[in-house]
Amino acid sequence: MSKGITSQSQDYSKWYTEVVQKAELADYSPVKGCMVIRPYGYALWENIKLNLDNMFKDTGHENAYFPMLIPEEFLKKEAEHVEGFAPEVAVVTHAGGKKLENFYVLRPTSETIIWYMYKKWINSHRDLPILINQWANVIRWEMRTRLFLRTTEFLWQEGHTAHATAEEALIEAKTMINIYKILAEDYLAMPVYIGKKTENEKFPGAVDTYSIEALMGDKKALQSGTSHYLGQNFAKAFDVKFQNENNKQEFVYATSWGVSTRLIGAIIMTHGDDKGLILPPKIAPQQVVIIPIYRNDDDKNKVLNLSKKIETTLKEKKIRFKLDNRESVTPGYKFNEWEMKGVPVRVEIGPKDVDRNGVVTVRRDTGKKAFPSVEEFLEDITNLLDTIQFDMLDKQRKFRKENTFDIESYDELKEVVKKGGYARAFWAGNSEMEDKIKDETKATIRCELFEKTKESGKCFYTGKESKVQVIISKAY
RNA sequence: CGGGGCGUGGCGCAGUCCGGCUAGCGCACCUGCUUUGGGAGCAGGGAGUCGAAAGUUCAAAUCUUUUCGCCCCGACCA
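Figured I'd write up the structure that's included with this text. Each chain carries its own residue numbering, running from 1 in the written order of its sequence. Each chain is given a letter, starting from A, and each ligand a number, starting from 1, according to the order in which they appear as written. The predicted nature of this model means local features are confined to residues of pLDDT at least 70 and side-chain atom pairs, given and counted, to a pLDDT of 80 or more, with totals for whole chains, interfaces and linings taken over all residues. Only hydrogens and water are set aside when side-chain values are computed; all heavy atoms of the structure are taken into account.

### Notes on the overall build of chain A
When you go through chain A residue by residue, the secondary structure sums to 14 helices and 25 strands. A compact globule built from 476 residues would reach a C-alpha radius of gyration of about 23 Å, and chain A, at 25 Å, matches this within 12%. Its C-alpha atoms give chain A principal-axis dimensions of roughly 80 × 60 × 45 Å. A simple rule labels every residue: compare its accessible area, found with a 1.4 Å probe on the protein chains alone, to the largest value its type can have, and call it buried under 20%, exposed over 50%, or partly exposed in between. Burial analysis of chain A (476 residues in total) assigns 54% to the buried set. By definition, residues are in contact when any of their heavy atoms lie within 4.5 Å. Put simply, 69% of the contacts in chain A that link residues at least 6 apart link residues at least 24 apart. Element-wise, carbon and sulfur atoms account for 49% of the exposed surface of chain A, whose accessible area totals about 22,300 Å². Charged residues are defined here as Lys and Arg on the positive side and Asp and Glu on the negative side; His and the ends of the chain fall outside this count. Taken as the charge location is NZ of Lys, CZ of Arg, CG of Asp or CD of Glu. With 71 positive and 70 negative side-chain charges, chain A shows a spacing of 3 Å between the two charge centroids. A run of DSSP states H or I qualifies as a helix once it reaches four residues; a run of E qualifies as a strand once it reaches two. Both are numbered from the N-terminal end. Radius of gyration: over C-alpha atoms. The globule rule applied is 2.2 Å multiplied by the number of residues raised to the 0.38 power. Working definition of accessibility: Shrake-Rupley area with a 1.4 Å probe, residue cover restricted to the visible protein chains.

### Thoughts on the pattern of salt bridges
Between Lys or Arg on one side and Asp or Glu on the other, a salt bridge is scored when a side-chain nitrogen of the former is within 4 Å of a carboxyl oxygen of the latter. Evaluation of the coordinates by the stated rule reveals 27 salt bridges. Linking Lys302 and Asp355 is a salt bridge whose minimum nitrogen-to-oxygen distance equals 3.3 Å. Taken as a pair, Lys302 in helix α9 (residues 297-316) and Asp355 in helix α11 (residues 351-355) lie far apart in primary sequence, 53 residues in all. On the accessibility criterion, Asp355 (59% relative accessible area) is exposed. Note that Arg363 is salt-bridged to Asp365, the shortest N-O span being 2.7 Å. Relative accessible area serves as the criterion here: at 13%, Arg363 is assigned to the buried category.

### Regarding the protein's contact with RNA strand B
Note on terminology: near, applied to a residue and a molecule or strand, indicates that one of the residue's heavy atoms is within 4 Å of it. Close to RNA strand B lie 41 residues, the nearest being Lys32, Arg144, Arg150, Arg262 and Thr330. Sugar and phosphate atoms constitute 45% of the interface atoms of RNA strand B, taking the interface as everything within 4 Å of the protein. Nitrogen and oxygen atoms within 3.5 Å of one another constitute a polar contact, given that in protein one can donate a hydrogen and the other can accept it, and given that sequence-neighbouring residues count only through two side-chain atoms. The contact in question runs from a base oxygen of RNA strand B to an N or O atom on the side chain of Arg150, over 2.3 Å. The separation between a base nitrogen of RNA strand B and a polar side-chain atom of Ser260 is 3.2 Å. Residues were grouped as follows: Ala, Val, Leu, Ile, Met, Phe, Trp, Tyr, Cys and Pro as nonpolar; Asp, Glu, Lys and Arg as charged; and all remaining residues, including Gly, as polar. Residue composition of the surface near RNA strand B, grouped by class: 13 nonpolar, eleven polar and 17 charged.

### Observations regarding the side chain of Ser7
Relative to the helices and strands, Ser7 resides in the segment before α1 (12-22). Not counting residues within four places of it along the chain, the set of residues in contact with Ser7 comprises Trp15 and Asp274.

### Some thoughts on the nonpolar core
The term nonpolar core refers to a set of buried residues drawn from Ala, Val, Leu, Ile, Met, Phe, Trp, Tyr and Cys, joined through side-chain atoms within 4.5 Å. Core analysis: the biggest nonpolar cluster contains 62 residues, and Leu25, Ile48, Leu52, Phe148, Leu188 and Ile268 have the highest contact counts within it. Looking at which element gives the most residues to this core, the answer is helix α6 (residues 166-187), with ten residues. Two domains share this core, each providing at least three of its residues, namely domain 1 (12-271) and domain 2 (288-391). Not counting residues within four places of it along the chain, the set of residues in contact with Ile268 comprises Trp15, Tyr16, Val19, Val20, Leu25, Phe148 and Leu277. These domain limits were set by an automatic method or by a database of domain assignments.

### Details of α1
Taken together, the buried positions of α1 are occupied by Tyr12, Trp15, Tyr16, Thr17, Glu18, Val19 and Val20. Residues of α1 that are buried in the fold lie against β1 (26-28), α8 (262-271) and α10 (331-340). Of the residues one or two after α1, Glu24 is the one with positive phi, at around 60°.

### Quick word on the pairing of strand β14 (residues 253-260)
With eight of its eight residues buried, β14 lies for the most part within the structure. Of the two faces of β14, both are covered, the one formed by Tyr253, Thr255, Trp257 and Val259 as well as the one formed by Ala254, Ser256, Gly258 and Ser260. For two strands to pair, DSSP has to find at least two bridges joining them. Taken together, the eight bridges between strand β8 (residues 153-163) and β14 define a ladder with antiparallel strand orientation. Following the sheet pairing, Ala162 is matched in β14 by Ala254. Pairing between strand β11 (residues 221-231) and β14: five bridges, direction antiparallel. Paired with His228 across the strands is Ser256, a residue of β14.

### Here's the deal with the environment of Met216
Turning to its location among the elements, Met216 is positioned in the loop between β10 (208-215) and β11. Separated by 180 residues in sequence, Met216 and Gln396 have C-alpha atoms that sit 9.5 Å apart.

### Considering the environment of His228
For His228, the location among the structural elements is in strand β11. With relative accessibility at 6%, the residue His228 sits in the buried group. Each C-alpha atom of the pair His228 and Ser29 lies 32 Å from the other, and the pair is 199 residues apart in sequence. At 2.8 Å, the side chain of His228 forms a polar contact with the side chain of Thr209.

### So, the pairing of strand β5 (residues 91-95)
Regular strands place their side chains on alternate faces of the sheet. Across four bridges, β5 lies against strand β6 (residues 98-106) in antiparallel orientation. Along β6, the bridge assignment pairs Ala95 with Lys98. Linkage of β5 to β6, two consecutive antiparallel strands, is achieved through a turn of two residues, within which Gly96 is found at a positive phi near 60°.

### Describing empty space enclosed by the protein
Take a probe with the size of a water molecule and roll it over the atoms, and the empty space left behind shows itself. Cavities and pockets are found on a 1 Å grid laid over the protein atoms alone: a cavity is a set of points where a 1.4 Å probe fits but cannot escape, a pocket is an open set with protein on both sides within 12 Å along at least five of seven lines, and a lining residue has an atom within 4 Å of such a point. Grid points are joined across faces, edges and corners, and a volume is the space filled by probe spheres set on the points. Counted by the stated rule, this structure contains one cavity of 30 Å³ or more. What the largest cavity holds in volume is close to 40 Å³. Around the largest cavity sit Met190, Pro191, Ala214, Leu215, Thr270, Gln396, Phe399 and Arg400, which together line it. Of all elements in the fold, only β10 and α12 (374-402) reach the threshold of two or more residues within the lining of the largest cavity. Its residues assigned to classes, the lining of the largest cavity comprises five nonpolar, two polar and one charged.

This is the structure:
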């Protein structure tokens, strides 16, 4: 065990940092707060990206690219926006060997430059809607950083849409948060609560912010994706009007939405255990790892022959697999390494297996061993991966259920905060009360639930009858 | 920005309090042989301006001053 990692119960955040590095997802860069995403981590991001991008395209969105440098004054055009982002913006003051007349900021988000461009592109209602997404990097100068969860530079996608009506924009914002929910649950096996942010927690410049909230292994919440209904705020700031069907000038309605490489942090903390990562099959860079075991050349030939047969079929079935035929390390070493990296299924092929025309399979999520024949294995592998995907989500659903507590008083909230998890309650308080609760308990209202357990109830804080049900917890 | 920790072969550390002779240890790496079903063993080998600068001293990884950087915990945030 001396070669293992710090256990979750011992020090959760140390565990997290070690998993990220030992699974070779990312490493620290020489620049404070920045990280290098290593090939294995990037492969994970690519799989997330691919699936999400398909969903974007299926809902009529197109990709584009806007520049990273934004004129500094752009950020100042929307009052809340500048107030929200000013402290964390990096500014380019010098270039070409001299001080610049006008400074540029490195984008912390792209609303401003995009709306500057939208003004040029939008004249009539016939130009709407515009449904653009971009995959990009952004820079936010955070005080404290943490691999994947909060880094100075991070990768994300940001969708920016323009609409002729508020209704249409609202539908868009809700459609997109639902796509994030699908991504989280169907691909990342990570159940999320979906809802609306309170005034205190919403995006600077938004009318409404919707979010998906996931529960990490240490029972803290992680905001894992957001979608904003921006109303006409940015259109007004950038004077983007269109001529409607009645020949009247009207400001455009907008949305923006994004998820980032933070999702990788979410996956690690949702599924990981003391042996390392556990990756959902749908997005795992390798779904199967084959480990050949042999003592001599005879065994080696037998084993590799069988392995080749198996590889051919796996290829046909479009399963992402890797044959780990390194001879410099022992099988035991490989077991540990691939467990650290979270590969869903390990296949062992040794002389004993060849003799009975079988393989040994081990599930990463449950550790369960099985000894199918080669034919059974090849026939079942797709099902097995689906089962793992399903079981992982199911396990997390149970975990969330066990850690969601309906409460009716402030004292009960404090108890929930102490043990971790979500408190679910009705809420009729205001912004100041929310601040006070945050001060006193460190917990925040994560969101006002879209899917309530009942129509209305008494506010846990004010005692007033309310139709707003919220979840509250400590968050990353 | 407040609190804490740390800079010594590629990585992790010891040595620093109380200055001293060739700067050690583990892992990793290279070569060879034996191994291989849960992190292999033995033998041999390569690799270090001790974060940087200045000072004290016969002598500095160690003492003094300055400085740079990173990590962790808090307030802020995806």
